[in-house]
Amino acid sequence: MNLFEEAFEVIERIEEAGGEAYIVGGAVRDLLTGRAIGDIDIATSLTPGDVQNTFEKVIPVGIEHGTVIVRHKGTSFEVTTFRTEEGYEDFRHPDEVTFVSDIKEDLARRDFTMNAIAMDRQQNIIDPFRGKEAIEQKLIQAVGEPDERFREDPLRMIRAARFASKLGYSLEPSTQEALAKQAPLLRHIAVERISVEFLKLLAGDQFQNGLEILVETNLIHELPVLREGFMLDQHTPSLSLQTWPETIVFFLKKGFGDSVQDWVKSWKLSNQIRRNSEHLYEMTALLERDGKVTPWLAYQLKDDCLDAFSRIVIASGKVEQGTLEAIRNEKSLLPIRSRKDLVFSSTDLINLFPDRQKGPWIGEGLLEIERAVVQGSVDNDHDQIKKWVQQWNLHGKD
Ligand code: ATP
Ligand code: MG
């Protein structure tokens, strides 16, 4: 409740400045459903300029849409001026944002009734679209005329599916019908916006529910790479995927897309995501080859890909040592953490073979030493490595 108290202090300050303000959207919904609260959004009658003048620490993140971030006691609150949205000519951004003075008008522009509830500082609920009822019935229901609302902003359709995944709710029938009818409009939406919602869908507790909606409404056909041939039972992961790299690897292995690059291009993802996806892909290939998490795999697996790797292993329904704990354990037992820890250098190697010309053999030789040490066939000890190297030379290594 602490976060709410702080939000109420922000609201109080706005009221002292002569404005009106409410907690809105996800925070109210999550409070009413007894869920963990993410961020708290505040809607106000004050203009962004007036909000800036009322607080010391304000970050102007989206002034044209009426949004600023207020920092209060170390917490960030998104404070947005009451507004309506009109136009949506290009299906991307509202043509025109009009600031209004009534919270009810602001609630009317919101996507679903459960997200269109406001709460004041005394914890009174303002719920003109009966969002509480929808929450009780576990229904996702568009505010107003569903067809119109989806035409206005087709992104709302995939948002409906991602809330179904997060909350486990069903679609209210007329909302579902409109979704099935308007699904093709999603192709007008920038893929970057879809990507955010799709990842949240996969990450939800009830992701099967979200995927089912994508398939039932044909929304799946509007998603890059996944659009053809998606079958619920065959292609549904067995746990929720949390990041893009594991999502890409999971679906690549199910036959969607030609390569990591194909996914990254089609979904306009970052280079960082591409690099981590390629790494994960290599690591899962190694796992498949060896049938278990070997020391060599644990050694190569990047720390920031550990969680993703273990989820993908479980999602694909494989090996027991794929669990996070088992991989961590394997990592903790490693004699070295990186090549820097190796007590044998390329100079040492060259000195052992003064007659040999420099060439790729040096790198290859070092890699073999590294692998031998990691696998425990040689200790990370200068003399022992030296002996071992001299030995493999005897066997005609070139
Ligand atoms: P979460 O907790 O998952 O973030 P949320 O409800 O806070 O859920 P956001 O995407 O953060 O979802 O949006 C905040 C609020 O803004 C929503 O509750 C909704 O009222 C409104 N909103 C967001 N996107 C849209 C949209 N495309 N159309 C209409 N209203 C929207
Ligand atoms: Mg939110």
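Residues numbered from 1 in each chain as written. Chains lettered and ligands numbered in written order. Predicted model: local features only at pLDDT ≥ 70, side-chain atom pairs only at ≥ 80, totals over all residues. Heavy atoms only, no water.

A. Just the packing of aromatic side chains, in detail. With the rule as written, the count across this model stands at 14 aromatic pairs. Taken together, a centroid distance of 6.4 Å and an interplanar angle of 50° make the contact between F4 and F8 tilted. Of this pair, F4 and F8 both sit in helix α1 (residues 2-16), separated by four residues, roughly a single helical turn. Here F4 matches F8 in class, with each residue buried. For the pair W296 and Y299, a centre-to-centre distance of 5.5 Å together with 20° between the ring planes defines the contact as stacked. Within this pair, W296 and its partner Y299 are both found in helix α15 (residues 295-300), separated by three residues, close to a single helical turn. (Phe/Tyr/Trp six-rings, centres within 6.5 Å; stacked < 30°, edge-to-face > 60°. Helix = DSSP H or I, 4+ residues; strand = E, 2+ residues; numbered from the N terminus. Buried < 20%, exposed > 50% of the residue type's maximum accessible area, 1.4 Å probe, protein only.)

B. Focus on the pairing of strand β4 (residues 67-72). Across the six residues of β4, five count as buried, placing the element largely inside the fold. Linking strand β3 (residues 58-62) to β4, which pair antiparallel, is a turn of four residues; within it G66 sits at a positive phi near 90°. Here β4 runs beside strand β5 (residues 75-81); their pairing, made up of six bridges, is antiparallel. By the bridge assignment, H72 is partnered in β5 with T75. What sits between β4 and β5 in their antiparallel hairpin is a turn of two residues, with K73 showing a positive phi close to 50°. (Pairing = 2+ DSSP bridges.)

None of this, on its own, says anything about what the molecule does.
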